[in-house]
Amino acid sequence: MTSDEALASAEHAVDLSGSDPARALALARTVLASLPASCREVAGADRAGSPDDGDAGGAPDGGAREGDPGGVATAGRVAGCGHCEAEAVAYRALAVAARELGDLPFAEERLRRAVRIALSAGLPHRAAQARLSLVHVRTELGHPEQALALAADAEPGLTPAEVGKLGVHRAVALARLGRYREAVDHCDRAVPVLGGDARFLAGAMLNRGLARVFLGEFEAAEADLSRCAELARDAGLEHVLALAEGNLPFLAARRGDLPAAFDAYRRAEGTLIGYPERLATMRCDLAEALVAAHLPGEARVLLEMAVPELAAAGAGTALAEALLLLARVELRTGDPRRARESAEPAARELAAQGRTVLAPVADEILLRARLALDPPSAELPATMLSCADALDAAGHGDTSAALRLTAAEVSLGLGDRPSAEEQLALLARPGRGVVALQATALLRSLAGDRKGAFAAVLAGLAEVGAGTRTFEDPAIRAHAARAGEPLAGFGLALAMRTGRGRTVLAWAERWRAVTGGAGLPLAPGLAALRAALGESILVEFVRHEGDLVAVAVTRERVTLRRLGPFPAVAEATVRLRYGLRRTHLLDGRAPEPGAEAAELERLLFGPLRHRLGDRPLVIVPTGTLHTLPWQLLPMNADRPVTVAASAAAWLAGRRVPAVRDGRAAAVPVAVAGPGLRCAEAEARMVGECHRGTRRVAARRAEVMAALERADVAHLAAHGMFSPRSPLLSSIDLDDGPLMAYDLLRLRTPPGLVVLSACDAGMAHAPADGAPLGLAGTFLSLGTRCVVASLVPVRDEETLTLMTAFHGALAAGDPPARALAVASGKTGVAGFACFGCGDQPLATGR
C-alpha cells in the first residue's frame, strides 16, 4: 500500500467510525499493518521523546446524552512523511471507533499517540484533528475543564468547518459543567459551518437538544432531538439514531410525563443494547430525571444497572455523577449503609476531577449516612456546619439550610441548646420556606409556645401541600411531600404531648392529606367520621420516636394507646408473611402461621381488644403494616376488614357512586391472563355470577380501554410487585406486562377492581398516606375499592375463594363482607380489601 493509498484508507476509517465502528477498527488496523517497518520504527523512536499532549483537556459525558460523531480528516495532504501522516490518521480512526464502542481508555491512548506522531512528523493540522477528537474523550473520562483547555489549544490549527466540529465537542464539556446556555450557543455557531456533514450536524442537534432539556425549553429540545433522529436515519448513523431515541425518556421524564418516559425507555433499551456505555448513560439520564420527579426507587433500579457498565468503560465523569446520584437515592430510600458505600468513591472521583460544585454534595450525603448509622458525636454539629458553608459556596443553598437544621437538632439532642438556638434563629427567617417554618416551630416549642409551634407546623405543611398538589402521579407526589416529613413528625410529637387521641388523629391525618394529594393539611371532621363508621371501628396506626401508636375511633369515643416498639411489630409482620408464603408453596417444613398471627394480634390490638368486639374494622396502616394480610389475625376470622390509606380517604370512598351515569346495575369485565391454569375458569365464573359481564382479551390496549368503561373489573393473571420501584409493578398479559405506570393514563377507572394476581395488593409507602403499588395506583386514580392478594396463592385455591367472593358480592354483600365470608368458607387467606369496602355492588336486582 502506497503512502497515498494508506492515507486515503485511514481517512475512510475515520469516516466509517461513526456509522460502522467495528469495520473502521478493522480498516485502521489494516492500514497500520501495511506501513513500512522503518516508518514504524522511526515513528516509535520519535514518539519516545515526545511530550504527552493529553493533559490539557476533557469534555462532558456523551453516553446517551451527548453524541461524539468523531472527526473527519481533510482530504488534502499535510507536509511531512506520508506514511507517518497515514499512521497518525489511522490511530485517530482507531480511537474514534473505540470511543463509539465504549472503550474510553483505549481511545484516549490512541489519540495521544496520534498527536505525538503528528507533531514528530511536523504535521500540526493532523495533531489538531487528533486533539479535536480527544476533547470529547477527556470529558467522558472525567476532565471537562481540561477538555475545554485542550479545545483552545486545538482551535488555531483547524479549518473553519473543523472549528464547528470542535464547537459540538465543546458543547458536551460545557453541558457537563452545567453551563447549558453556553453549550447551546456553541451548537448554534457550529451548525452554519458544518455544511452537509450529517454526523456532526446530528451531534449538534443532539447536544443542543439535551442542553435545552436542562434549561426547561422542552419544545425546542424535542425539535432538536427529532431533527437529530432524522439526520441520523437518512445517513445510516444507527448509533446516533439510537442516542436520539435514547434521550426521549429523559425528555419525557423532565416534562413530567412518566408513562411516556417509561414507554420510551423500553423502546430505547433495545436499540442501545450493543452500546453498553451509551445504554448506561441513558439510564443515568432517566434516573436523574426520575430523581427530579421525586421517584428515587425507580431511579435506583436504573442506576444499579448503569454504574458497573460505566466503571467498565472507564467513563470517569459519568461514573462519578452516577455514584453520587445513587448515593442520594439510596439515602432517600432508607439505605444509609449503601449510600455511604456509594458516596465515598463518588467524593474521591469528584475531588480528583476538581469538581468543587458537586464535592460538598457528596460530603453532605456522607454526613447524613453517618448520622443514620452511628450515635452523634460532640464534633458532628461543627462538621455539619462546615459542610453547610461549603454547600453555600457551591450554590446549594437549600441543601445547606436543611443540613443546618439537622445540625441544630443534633445539638439539641447533645444538650447544647445555645448552639441550637443560634442556628435556628438564623434559619427562621421569612421567605426561607419549609425549613424556616420548622425552625420557627422548634424555637416556639423551646420557648413553651405550643400553640405558636402548631401554627408554624400547619403553615409549613400547607406550603408542602401546595407544592405537591399539582402532581397527578401518586409516587411523585408522595416523594415530593417527604420534604415536609420532619415537620410533620414534629407536629405529631407536639400532638402526642397533649395525650389526646383526637389531637393525634388530626395531626396524623393532616400529614396523610398532604401525601395523598389533598393539597391542604386538613383532617376529616370527627363528627362526620363517627357518623359514617356506624357500628364499625377505625384504628389508625402512627409511628412516633420508634414506637407504634394506635388511635381507635368509634361512634362513642376516641382512644389513644401506645403499643410498643415498632421494629418488633415490623419483624413479626415479616415472619408471618414468610411463613404464609412457604405454606402456600407447599413447603412441608414451614411453621404454621397461626402462632405468628396471634403474636401480631397481641402486639397490635392487645390494649384495644375489648373495644373491638365483633365490629367491622377499618385499618389505616403505617410502614410495614401495609404488607400485612389482616384477615389472617385470629380476631378477624369472619370479620369484614377494610384497609385504607387514611381516615379521610375511607370517608371519601363512601361518596363514590357504585356505578357510572346512574345505571341500574354495574357493568363488569373479566380478563384471563396467560400462564395460569385456572384463569379461564375464573373469568367464566365471574360471568356466571354477574349478568352482562364482558370478556376482554388479555392485551394491554384492550384492557386499558375496558378499564375506562367498566364499573367492576376482575383480572386473573400473574402479578409482580417491585418494592424499590412500585410503578414498575405489573400484571402479565398476552402482549407483555401491564405496568402500574400504564394505569396512570386512566381517567375513569372502575369503582371496584379485583386483582386475582399474586402480590398485587402489596405496597411500599414512602410516606404515611401514600401506599404505592398496583392497588394503590387504582385507589389514587379514584377507584373506590380494590380486592387483591398480599402473598402468592395457588391457582386452585384462588378460584375457590373468588367463586365464593363473587357469589356473596352478587347476593348483595359489600366487598369487605363478601371477602370475609369467602375466606371463612374456603379457609383461603392472603387477600385483602383496600379503600372503602363497605358499599354493596349495584346488581340491578
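Rules used throughout
Residues numbered from 1 in each chain as written. Predicted model: local features only at pLDDT ≥ 70, side-chain atom pairs only at ≥ 80, totals over all residues. Heavy atoms only, no water. Helix = DSSP H or I, 4+ residues; strand = E, 2+ residues; numbered from the N terminus. Rg over C-alpha atoms; globule rule 2.2 N^0.38 Å. Contact = heavy atoms within 4.5 Å. Buried < 20%, exposed > 50% of the residue type's maximum accessible area, 1.4 Å probe, protein only. Pairing = 2+ DSSP bridges. Right-handed = clockwise from strand over helix to strand, strands pointing away. Core = buried A, V, L, I, M, F, W, Y, C linked by side-chain atoms within 4.5 Å. Arc of directions from axis to C-beta. Axes fitted to C-alpha atoms, helices over the stretch in contact; angles between N-to-C directions. Parallel < 35°, antiparallel > 145°, perpendicular 65-115°, else oblique. Nonpolar A, V, L, I, M, F, W, Y, C, P; charged D, E, K, R; others polar. Phe/Tyr/Trp six-rings, centres within 6.5 Å; stacked < 30°, edge-to-face > 60°. Polar contact = N/O pair within 3.5 Å; in protein donor to acceptor, adjacent residues only side chain to side chain. pLDDT = per-residue confidence, 0-100. Salt bridge = Lys/Arg side-chain N within 4 Å of Asp/Glu carboxyl O.

## Considering the overall build of the protein
No. 1: When you go through the protein residue by residue, the secondary structure sums to 38 helices and 14 strands.
No. 2: Rg of the C-alpha trace for the protein: 31 Å, near the compact-globule value of 28 Å for 845 residues, within the 12% margin.
No. 3: Across its three principal directions, the C-alpha atoms of the protein cover 100 × 70 × 50 Å.
No. 4: In the protein, the proportion of contacts linking residues at least 24 apart, taken out of those at least 6 apart, comes to 71%.

## Topic: the pairing of strand E6 (residues 668–672)
No. 1: Most of E6 sits inside the fold, with 5 of its 5 residues counted as buried.
No. 2: The pairing of E6 with strand E8 (residues 712–716) spans 5 bridges and is parallel. By the bridge assignment for E8, proline 668 is matched with valine 712.
No. 3: Crossover E6 to strand E7 (residues 694–696) through helix H33 (residues 679–689) is right-handed.

## Examining the nonpolar core
Soluble globular proteins: nonpolar side chains tend toward being buried together.
No. 1: Counting residues in each nonpolar core, the largest one holds 238 residues, and the members touching the most others are Val539, Phe541, Leu604, Phe605, Trp630, Leu755 and Val787.
No. 2: Residue contributions to this core peak at 11 residues, all from helix H4 (residues 82–100).
No. 3: Those residues in contact with valine 787, other than ones at most four positions away along the chain, are Leu752, Val753, Val754, Leu755, Met802, Phe805, Pro815, Leu819, Phe831, Ala832 and Cys833.
No. 4: Grouped together as the second largest cluster of nonpolar side chains are 49 residues, Ala441, Ala453, Leu538 and Ala644 included.

## Brief notes about helix H9 (residues 180–190)
No. 1: For H9, the full list of buried residues reads Tyr180, Ala183, Val184, His186, Cys187 and Ala190. Viewed end-on, H9 has its buried residues packed into an arc of 160°, placing them on one side of the element.
No. 2: Buried positions along H9 lie against helix H8 (160–176) and helix H10 (198–214).

## A word on the packing of helix H14 (residues 258–271) against helix H15 (residues 276–292)
No. 1: In contact at an axis separation of 11 Å, H14 and H15 are set at 175° when each is read in the N-to-C sense. By the angle between their directions, the pair H14 and H15 is classed as roughly antiparallel. Here H14 contributes Leu258, Ala261, Phe262, Tyr265, Ala268 and Glu269 to the contact with H15, which in turn contributes Leu279, Met282, Arg283, Leu286 and Leu290.
No. 2: By residue class, the composition of the contact of H14 with H15 is 9 nonpolar, no polar and 2 charged.

## Some details on the packing of aromatic side chains
No. 1: Scanning the entire structure with this criterion turns up 6 aromatic pairs.
No. 2: Seen in terms of ring centroids, phenylalanine 214 and phenylalanine 250 are 5.2 Å apart; in terms of plane orientation they differ by 55°. Their pairing is tilted. Of this pair, phenylalanine 214 sits in helix H10 while phenylalanine 250 sits in helix H13 (residues 248–255), placing them 36 residues apart in sequence. Like phenylalanine 250, phenylalanine 214 is buried.
No. 3: Ring geometry for phenylalanine 605 and tryptophan 630: centres 6.2 Å apart, planes at 75°, overall edge-to-face.

## A closer look at the pairing of strand E4 (residues 617–620)
No. 1: Of the two faces of E4, the one lined by Leu617 and Ile619 and the one lined by Val618 and Val620 are each fully buried.
No. 2: Relative to E4, strand E1 (residues 537–544) runs parallel, the two being bridged by 4 bridges. In the strand pairing of E4, valine 539 is matched with isoleucine 619.
No. 3: Pairing geometry for E4 and strand E5 (residues 641–643), over 3 bridges, is parallel. Its bridge partner lying in E5, isoleucine 619 is registered against valine 643.

## Let's talk about the side chain of arginine 300
No. 1: Considering the arrangement of structural elements, one finds arginine 300 in helix H16 (residues 296–313).
No. 2: Among the polar contacts listed, one links the side chain of arginine 300 to the side chain of threonine 333, at a separation of 3.1 Å.
No. 3: There is a polar contact of 2.8 Å between the side chain of arginine 300 and the side chain of aspartate 335.
No. 4: If sequence neighbours within four positions are ignored, arginine 300 has contacts with Leu326, Val329, Glu330, Thr333, Asp335, Arg338 and Arg724.

## Description of the confidence of the model for the protein
No. 1: Of the residues in the protein, 91% reach a pLDDT of 70 or more, and the chain-wide mean stands at 87.
No. 2: In this model, residues 41–80 is a region of pLDDT below 50 whose contacts with residues beyond four sequence positions or in other chains number 174 contacts.

## With respect to unusual backbone geometry
No. 1: A positive phi is found at glutamate 545, a non-glycine position, where the angle reads about 50°.
No. 2: Among the secondary structure elements, glutamate 545 is positioned in the loop between E1 and strand E2 (547–553).
No. 3: A relative accessible area of 71% places glutamate 545 in the exposed class.
No. 4: A positive phi is found at aspartate 638, a non-glycine position, where the angle reads about 70°.

## Some thoughts on the environment of proline 474
No. 1: Topologically, proline 474 is positioned in helix H25 (residues 474–481).
No. 2: On a C-alpha basis, the gap between proline 474 and leucine 727 in space is 9.6 Å, while along the polypeptide they are 253 residues apart.
No. 3: If we skip the residues at most four places from it in the chain, proline 474 touches Leu744, Leu772 and Ser780.

## Re the pattern of salt bridges
No. 1: Inspection of the entire model under this criterion finds 46 salt bridges.
No. 2: Two residues, glutamate 217 and arginine 181, come together in a salt bridge whose shortest N-O distance is 2.4 Å. Of this pair, glutamate 217 sits in the loop between H10 and helix H11 (218–235) while arginine 181 is found in helix H9, placing the two residues 36 residues apart along the sequence.
No. 3: Residue classification places glutamate 217 among the partly exposed positions, given a relative accessible area of 26%.
No. 4: Given a relative accessible area of 39%, arginine 181 falls into the partly exposed group.
No. 5: Measuring nitrogen to oxygen at the nearest pair gives 3.8 Å for the salt bridge that ties arginine 340 to aspartate 374. Here arginine 340 is found in helix H18 (residues 336–352), whereas its partner aspartate 374 is found in the loop between helix H19 (359–373) and helix H20 (380–393), with 34 residues between them in sequence.
No. 6: On the basis of relative accessibility, which here comes to 25%, the residue arginine 340 falls in the partly exposed class.
No. 7: Salt bridges sharing common partners tie together Arg181, Asp188, Arg208, Arg212, Glu217 and Asp224.

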